[in-house]
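# Coordinate analysis (summary)
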Amino acid sequence: MKKIFFVGIGGISMSSLADISRLNGHTVAGYDWVKKDITEKLIQKGINISYENLAENVEGYDLVVYTSAIPEDNPQLLHALELNIPCVRRDKFLGELMLDYKYRIGVAGMHGKSTTTSMISNIYLNTELDPTIVNGTEMDELNGLYRLGSKEYFIFEACEYTDSFLAFYPTTAVVLNIEMDHPDYFHSMDHILDSFKKYINIAGKSIVNLDCENVKKICDTNSITFGIINPDVNYRSVNISYKHGFACFDILHDDEFFCYVELSVPGDHNIYNALASAAAAHQNGVNAEQIAYGLSAFKGAKRRFEYKGMFNGVYLYEDYAHHPSEIKTTLTGIRHLGYNKVWCIFQPHTFSRTAELFDDFANSFGEADEVILVDIFAARETNQYGVTSKMLAEKIEGAVYCDSFESAADHVKNNAAAGDIVVLMGAGDVNKIGDYLL
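Report on the accompanying structure. Numbering of residues begins from 1 in every chain and follows the order in which that chain's sequence is written. Where totals are concerned, whole chains, interfaces and linings use all residues; where local detail is concerned, this predicted model gives features only for residues with pLDDT of at least 70, and gives and counts side-chain atom pairs only at 80 or more. Here the side-chain values reflect all heavy atoms present in the structure, with hydrogen atoms and water set aside.

## What about helix 9 (residues 288-296)?
- Considered for burial, the residues of helix 9 that qualify are Ala288, Ile291, Ala292, Gly294 and Leu295.
- Looking at the packing, one finds that the buried side of helix 9 touches helix 5 (113-125), strand 14 (246-253), strand 15 (256-262) and helix 8 (269-282).
- By the N-cap criterion, in which a side-chain oxygen at the helix start approaches the backbone nitrogen of a residue two or three places on, helix 9 is capped by asparagine 287, the distance to glutamate 289 being 3.2 Å. Three exposure classes are used, based on accessible area relative to the maximum for each residue type with a 1.4 Å probe and protein chains only: buried under 20%, partly exposed in between, and exposed over 50%. Helix and strand definitions follow DSSP, with helices as H or I runs of at least four residues and strands as E runs of at least two, each counted in order from the N terminus. Throughout, a residue-residue contact means that at least one pair of heavy atoms, one from each residue, lies within 4.5 Å. Between N or O atoms, a polar contact is any pair within 3.5 Å; within protein, one atom must be a potential hydrogen donor and the other a potential acceptor, and residues adjacent in sequence are included only when both atoms are from side chains.

## Some details on the sheet that holds strand 21 (residues 421-425)
- Pairing between strands is defined by DSSP: at least two bridges between the two strands are required. Read across the open sheet, the six strands follow the order 16-17-21-18-19-20; overall the sheet is mixed. Looking at the sheet topology across the chains shown, the edges are occupied by strand 16 (306-311) and strand 20 (400-401).
- Two strands pair when backbone bridges link them, and strand 16 and strand 17 (residues 314-319) are joined in this way by five bridges, in the antiparallel orientation. The residue bridging methionine 310 from the neighbouring strand is tyrosine 315, located in strand 17.

## Section: the pattern of salt bridges
- Definition used for salt bridges: Asp or Glu carboxyl oxygen within 4 Å of a side-chain nitrogen of Lys or Arg. Across all of its chains, the model carries 20 salt bridges by this definition.
- With its nearest N and O atoms 2.7 Å apart, the salt bridge here joins arginine 353 to aspartate 181. Residue arginine 353 is found in helix 11 (residues 351-356), and its partner aspartate 181 is found in the loop between strand 10 (172-175) and helix 6 (189-202); the two are separated by 172 residues along the sequence. Aspartate 181 matches arginine 353 in its accessibility class, with the two residues each being buried.
- Glutamate 213 is the salt-bridge partner of lysine 216, the closest N and O atoms lying 3.3 Å from each other. Taken together, the residues lysine 216 and glutamate 213, both in helix 7 (residues 213-216) and three residues apart, mark about one turn of the helix.

## A word on the environment of glycine 309
- Positionally, glycine 309 belongs in strand 16.
- Its relative accessible area of 11% is what places glycine 309 among the buried residues.
- Distance from glycine 309 to proline 266, taken between C-alpha atoms, is 18 Å for residues 43 residues apart in sequence.
- Those residues in contact with glycine 309, other than ones at most four positions away along the chain, are Val314, Tyr315, Leu316 and Leu438.

## Details of the packing of helix 5 against helix 9
- With their axes 8 Å apart at the nearest point, helix 5 and helix 9 run at an angle of 125 degrees to one another. Classified by the interaxial angle, the pair formed by helix 5 and helix 9 is oblique. By crossing handedness, the relation of helix 5 to helix 9 is classed as right-handed. Of helix 9, the residues touching helix 5 (which contributes Met119, Asn122 and Ile123) are Gln290, Ile291, Gly294 and Leu295.
- Of the residues assigned to the contact of helix 5 with helix 9, the class counts are four nonpolar, three polar and no charged. Axis angles are defined between N-to-C directions and span 0 to 180 degrees, where every axis is a line fitted to C-alpha atoms and, for a helix, only to the segment in contact. Put simply, angles under 35 degrees are roughly parallel, angles over 145 are roughly antiparallel, angles from 65 to 115 are roughly perpendicular, and the rest are oblique. By the definition used in this description, the sense in which the near helix is turned from the far one sets the handedness, with an anticlockwise turn below a right angle giving left-handed and a clockwise turn giving right-handed. Polar here means any residue outside two lists: the nonpolar Ala, Val, Leu, Ile, Met, Phe, Trp, Tyr, Cys and Pro, and the charged Asp, Glu, Lys and Arg; Gly therefore counts as polar.

## Considering the pairing of strand 9 (residues 153-157)
- Summarising burial for strand 9: five of the five residues are buried, a large majority.
- Alternating residues of strand 9 divide into Tyr153, Ile155 and Glu157 and Phe154 and Phe156, and every residue in both groups is buried.
- Bridge count between strand 6 (residues 103-108) and strand 9: five bridges; the pairing is parallel. Bridged to arginine 104 within strand 9 is phenylalanine 154.
- Of the pairings in the sheet, the one linking strand 7 (residues 132-139) to strand 9 comprises three bridges and is parallel in character. Opposite valine 134, over in strand 9, you have phenylalanine 156 as the bridge partner.

## Considering the nonpolar core
- For this analysis, a nonpolar core means a set of buried residues of the types Ala, Val, Leu, Ile, Met, Phe, Trp, Tyr and Cys, connected via side-chain atoms within 4.5 Å. Counting residues in each nonpolar core, the largest one holds 48 residues, and the members touching the most others are Phe6, Val175 and Phe196.
- Listed by contribution, the elements that provide at least two residues to this core are strand 1 (3-7), helix 1 (12-23), strand 4 (63-66), helix 4 (90-98), strand 8 (144-147), strand 9, strand 10 and helix 6.
- By residue number, the principal contributor to this core is helix 6, which donates five residues.
- Setting aside chain neighbours within four positions, we find valine 175 in contact with Ala108, Phe196, Tyr199, Ile200, Ile207, Val208, Asn209, Val215, Ile218 and Phe226.
- Tyr124, Val265, Ile271 and Tyr272 belong to the second largest nonpolar core, which has 40 residues in total.

## Considering the packing of helix 5 against helix 8
- For the pair helix 5 and helix 8, interaxial distance at closest approach is 9 Å and the crossing angle is 45 degrees. Classified by the interaxial angle, the pair formed by helix 5 and helix 8 is oblique. Handedness of the helix 5/helix 8 crossing: right-handed. Counted together, Thr115, Thr116, Met119, Ile120, Ile123 and Tyr124 of helix 5 and Asn270, Asn273, Ala274, Ala276, Ser277, Ala280 and Ala281 of helix 8 form the full contact between these two elements.
- Classifying every residue of the contact of helix 5 with helix 8 gives eight nonpolar, five polar and no charged.

## What about the environment of threonine 171?
- In this fold, threonine 171 is placed in the loop between strand 9 and strand 10.
- Sequence-wise, threonine 171 and valine 400 are 229 residues apart; in three dimensions their C-alpha atoms are separated by 47 Å.
- Beyond its immediate chain neighbours, meaning those up to four positions away, threonine 171 contacts Lys102, Tyr103, Arg104, Ala203, Gly204 and Lys205.
- A polar atom in the side chain of threonine 171 sits 2.8 Å from the backbone nitrogen of arginine 104.

## Remarks on the environment of histidine 244
- In this structure, histidine 244 sits in the loop between strand 13 (235-243) and strand 14.
- Separated by 94 residues in sequence, histidine 244 and glycine 338 have C-alpha atoms that sit 8.1 Å apart.

Don't take any of this as a statement about function, it's just geometry.
Listed below in structure tokens is the structure:
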């Protein structure tokens, strides 16, 4: 199949797969519903992109790849079927792609997937092992989302939404944590646990967080374990201290000293991410010295507490947190960094998540001094739940609701003082507020 058409080519994962296919010698084109930076970059690389949802777009192609966000009645998919062109979902395409590689490290969990994938990638990038990487966020070290390396190591983010990760073929399956999320797909915690159990059973080796009660329910006696609290784990952090708000610690492997790490990213959640990364790399050909260097040299991934600049002496950061647990953990980490006041501008992501976890969201901003909410980012949904950001703001003591990005930016500019920190938080387009502030 020499010619491949991607429906929804502007998605983070889809754009990576399209360009990797181009680098592998395929003729690649695609469709997306809106022009964006990602599609413009692909066009500059010679990939033809249409912004019109026309059936004839797929004519002349040998394979059509589509995302789960594309409805089954999309005219391009229907026309491809009429022409007997094979159509495959993005996750299946990625799964087939990775089978060319010997060692396949997949990172799953409700929180921290992109950061941990980035940490593991940074470890391997500082060795001679020449990894191929497909991440869910950009890294400065990659100058993008992905890297095409040798056929030995394939490092990838394994997303659980709509059971996408069950189409992948990890040889090492990492599970960071498990919580209730994606209520528009998962109908219960048992449903989620069943999916994660299937995911680790695909791999020959699983690496799991034994401090997470839900993860305990899906691991088995052959699982390689990590943690901070539980002493009966294979990889554990001890002697934790902090330099300027960043964690420093020893890693033990089977109760023996393994390496010392000084992180350059804040938050105790990144100790867990580092432990998972160390275990995954060590179990796949990397020594302790290389792991310590790769973790200490890691400066963070895009939109994961990413520094964006200053205005009026106020520090501006972006963060992707969009689940109550992520919000709590991120704000707790920021609180330890020594800023005067912590401002959080939050954009909830999807109506279903906001409605299902409404009370948890309301109780997750305790470490912020000032909280501003902007309208919910709908993503793939319509508001059949009757929930709004204004309703959520009314449940959070002292929170302010702003009906536009401009008004949120104005509120912060008029009230934040030098030495404060502002964090734009959410998985939607809340980062655009940064343009107004800067």
